Amino acid sequence: MVQRRTGFAVSWHSLSPILGIFRVQPAPGSRFPEYEAGQYIALRRDDCALTRRTIDADGRVRYVPDLDAAGVQRRGPVSHAYSISSAPYQTHQEGFLEFYVVRETDEEGRPGRLTESLFRIEPGRDDQVIYFDRIAGDFTLAKRAAGFPHVLMVASGSGLAPFVSMAKQLDFEAGESRRDGTRYTLLHGNRTAEELAYHRELEAIAAAGRIDFAYLATVSRPARSGHDPSLGQGRVSNLLRVLLGLPMKEEEDLAAAEAAGAGADSARATLAKAVRPTLPSGAPLDALRERLAPSATVLLTCGNASAMSDVQHAAEARGIRFEKEDWKPTLYP
Ligand SMILES: Cc1cc2nc3c(=O)[nH]c(=O)nc-3n(C[C@H](O)[C@H](O)[C@H](O)COP(=O)(O)OP(=O)(O)OC[C@H]3O[C@@H](n4cnc5c(N)ncnc54)[C@H](O)[C@@H]3O)c2cc1C
């Protein structure tokens, strides 16, 4: 039986109002279970604003605030899984687990139950985080990438978490002369430069050259003036399409709408608004394409569901083996 244990958030770093990185330590005298890069753990907070399930007039399931007789939203525990963004060696050395989280909001702008509470964390004050004493998941290099000479990681938003754990661990192991000879390429996309978590750390791993690691970051809302040319532009799935020699998704959608004779105006308007994918300045397109040889590559992706579905489409169009980490909600007691 998996036990619930009490941990404490020891740091909270906001990248933007909707993205944050935090560290949790177990209670003094305890340790987190062993884990591999890419795995997850369930976290819980006890003061979450609760919701209840309803069916609207159109038969759609909706979750609305669960109010008591006085009209006050009930509070209680909510637990969810979170990929671990720290590397196993960091947890060994310093005891903490790190997480990279995005604040959830539903279609009507209401906050997600657990992330609303996580974003209220104040180390030393409101810092209690319950964790389930089991680290699980098969989104690991051993399970998903064994035997492939090249691993292409594509992360949107906080979907970077498993990959940053992998990159840090591989770099650490290479420093101890444990190298596996595999090539790694990581594409990370977020909205703005500020939201590109772990950017400097990943650049440093690539520059150190202890592992064969190419790292490309891109922003979908580039600054109107002063865009840093070392960052790409456009959504990460469109940057992948550039590397694979495919048209932008919006171009493909327009061609499909024209062929079907329906929806072309709206597809054209979407294309007109889309940010054209541009590689970071100096990124060697030919060399990157050479790394991406389909028969030698496995593509691992994690993050936003629509980005992952487009990444899957692009991988399949090029016959690249595709693996993803699904962040489907799981029930915890
Ligand atoms: C393996 C795994 C790893 C993950 N790793 C990360 C990570 O590293 N970073 C990260 O940011 N996220 C991660 N997630 C997602 C995370 O687990 C949560 O789903 C997310 O943070 C939203 O939680 P929330 O409580 O704020 O939102 P919720 O309140 O759970 O709302 C999310 C959706 O759930 C539905 N919902 C609302 N109320 C209820 C209810 N009462 N009952 C049932 N459904 C309801 C609604 O459709 C809503 O839009 C991961 C998920 C998995 C499965």
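Right above here is the structure, for reference.
Residues numbered from 1 in each chain as written. Predicted model: local features only at pLDDT ≥ 70, side-chain atom pairs only at ≥ 80, totals over all residues. Heavy atoms only, no water.

S.K.: What is the right way to read the site of the ligand from this model?
M.R.: As a structural note, the neighbourhood of the ligand is formed by 20 residues, with Thr 51, Ala 81, Tyr 82, Leu 114 and Thr 115 the closest of them. Contact between the ligand and Thr 51: a nitrogen atom at 2.7 Å from a side-chain N or O atom of the residue. Between the ligand and Ser 83 there is a distance of 2.9 Å, counted from a nitrogen atom to a backbone nitrogen or oxygen. Expressed as a share of its isolated accessible area of 970 Å², the protein-covered part of the ligand is 81%. Those elements giving two or more residues to the shell around the ligand turn out to be β6 (75-83), β7 (97-102) and α2 (113-118). A class-by-class count of the residues in the shell around the ligand yields ten nonpolar, six polar and four charged. (Near = heavy atom within 4 Å. Polar contact = N/O pair within 3.5 Å; in protein donor to acceptor, adjacent residues only side chain to side chain. Areas by Shrake-Rupley, 256 points an atom, 1.4 Å probe, with all protein chains shown as cover. Helix = DSSP H or I, 4+ residues; strand = E, 2+ residues; numbered from the N terminus. Nonpolar A, V, L, I, M, F, W, Y, C, P; charged D, E, K, R; others polar.)

S.K.: It is not clear to me how the pairing of strand β11 (residues 212-219) should be interpreted in this structure. Could you clarify?
M.R.: One face of the sheet, then the other: side chains in a regular strand alternate in exactly this way. Counting buried positions along β11 gives seven out of eight residues, so the element sits mostly inside the fold. Alignment of strand β10 (residues 183-190) against β11, held across eight bridges, turns out to be parallel. By the bridge assignment, Gly 189 is partnered in β11 with Thr 218. For the segment spanning β10, helix α5 (residues 199-208) and β11, crossover handedness is right-handed. Judged from the two bridges that link them, β11 and strand β12 (residues 232-233) form a sheet pairing that is parallel. What sits directly across from Thr 218, in β12, is Gly 232. (Buried < 20%, exposed > 50% of the residue type's maximum accessible area, 1.4 Å probe, protein only. Pairing = 2+ DSSP bridges. Right-handed = clockwise from strand over helix to strand, strands pointing away.)

S.K.: Sorry, what's going on with the environment of Ser 85 here?
M.R.: Inspection of the secondary structure assignment puts Ser 85 in the loop between β6 and α1 (88-94). Using a relative accessible area of 0% as the deciding quantity, one classes Ser 85 as buried. Distance in space between the C-alpha atoms of Ser 85 and Thr 185 is 17 Å, their sequence separation being 100 residues. With residues up to four places along the chain from it excluded, the contact list for Ser 85 reads Glu 98, Phe 99, Tyr 100, Ala 161, Val 164, Ser 165, Lys 168 and Tyr 198. (Contact = heavy atoms within 4.5 Å.)

S.K.: Explain unusual backbone geometry to me, please; I cannot follow it from the model alone.
M.R.: Excluding glycine, residues mostly carry a negative phi; peptide bonds, for their part, are mostly trans. Unusually for a residue other than glycine, Ser 177 sits at a positive phi of about 65°. With a phi close to 65°, Tyr 198 is a non-glycine residue in the positive phi region. Residue classification places Tyr 198 among the buried positions, given a relative accessible area of 8%.

S.K.: For this particular structure, what's the right way to read α5?
M.R.: Since the α-helix packs 3.6 residues into each turn, any two residues three or four apart lie on the same face. Among the residues of α5, His 199, Leu 202 and Ile 205 are the ones counted as buried. Down the axis of α5, the smallest arc covering the buried residues is 130°, so these residues share one side. In α5, the exposed positions angled more than 90 degrees off the buried face are occupied by Arg 200 and Ala 207. Summarising the contacts, the buried residues of α5 are in contact with α4 (161-175), β10 and β11. Gly 209 occupies a position one or two residues after α5 and carries a positive phi of about 70°. (Arc of directions from axis to C-beta.)

S.K.: In this structure, what is going on with the sheet that holds strand β1 (residues 4-16)? I would like to understand it.
M.R.: Sheet strands pair via backbone hydrogen bonds, and the direction of the pair is either parallel or antiparallel. Spatially, β6-β3-β8-β1-β2-β7 is the arrangement adopted by the six strands of the open sheet, whose pairing is antiparallel. Each having just a single partner strand, β6 and β7 make up the two edges of the open sheet. When strand polarity is set aside, the average angle formed by the axes of neighbouring strands in this sheet is 35°. Pairing of β1 with strand β2 (residues 19-26), which is carried by eight bridges, proceeds in the antiparallel orientation. Opposite Trp 12, over in β2, you have Phe 22 as the bridge partner. (Axes fitted to C-alpha atoms, helices over the stretch in contact; angles between N-to-C directions.)

S.K.: Whenever I open this one, the sheet that holds strand β9 (residues 150-156) confuses me. Can you help?
M.R.: Strand order in this open sheet of six strands is β12-β11-β10-β9-β13-β14, and the pairing throughout is parallel. Where the open sheet ends on each side, the last strands, each with one partner, are β12 and β14 (321-325). Strands in contact with helix α10 (residues 305-317) are β9, β13 (297-302) and β14; relative to β14, the strand with the most contacts, it is inclined by about 170°.

S.K.: Please clarify how the packing of helix α7 (residues 249-260) against helix α8 (residues 264-273) should be interpreted in this entry.
M.R.: The angle between the axes and the distance between the axes are what describe a pair of packed helices. The N-to-C vectors of α7 and α8 enclose an angle of 165°; their axes lie 8 Å apart at closest approach. By the angle between their directions, the pair α7 and α8 is classed as roughly antiparallel. For α7 against α8, the interelement crossing comes out left-handed. Residue-level contacts link Glu 250, Glu 251, Asp 253, Leu 254, Ala 257 and Glu 258 of α7 to Ala 264, Ala 267, Arg 268, Thr 270 and Leu 271 of α8. Considered class by class, the residues forming the contact of α7 with α8 number five nonpolar, one polar and five charged. (Parallel < 35°, antiparallel > 145°, perpendicular 65-115°, else oblique. Left-handed = near helix turned anticlockwise from the far one by under 90°.)

S.K.: Would you mind showing me how to read the side chain of His 199 here?
M.R.: Topologically, His 199 is positioned in helix α5. The buried category is assigned to His 199, whose relative accessible area is 11%. Among residues more than four places away in sequence, those in contact with His 199 are Tyr 215, Ala 217 and Leu 231.

S.K.: Looking at this structure, how should I read the packing of aromatic side chains?
M.R.: Within a pair of aromatic rings, the relevant descriptors are the distance that separates the centres and the angle that separates the planes. A full pass over the atoms with the stated rule returns eight aromatic pairs. When the ring of Phe 32 is compared with that of Tyr 131, the centres are 4.7 Å apart and the planes differ by 65°; the resulting orientation is edge-to-face. On the criterion of sequence distance, the pair formed by Phe 32 in the loop between β2 and β3 (40-49) and Tyr 131 in strand β8 (residues 128-136) is long-range, its members being 99 residues apart. Given a relative accessible area of 1%, Tyr 131 falls into the buried group. Members of the aromatic cluster, joined through ring pairs, are Trp 12, Phe 22, Phe 99 and Phe 119. Arg 23 extends its terminal NZ or CZ atom over the ring of Phe 96, reaching a point 3.8 Å from the ring centre. (Phe/Tyr/Trp six-rings, centres within 6.5 Å; stacked < 30°, edge-to-face > 60°. Lys NZ or Arg CZ within 6 Å of the ring centre and 35° of its normal.)

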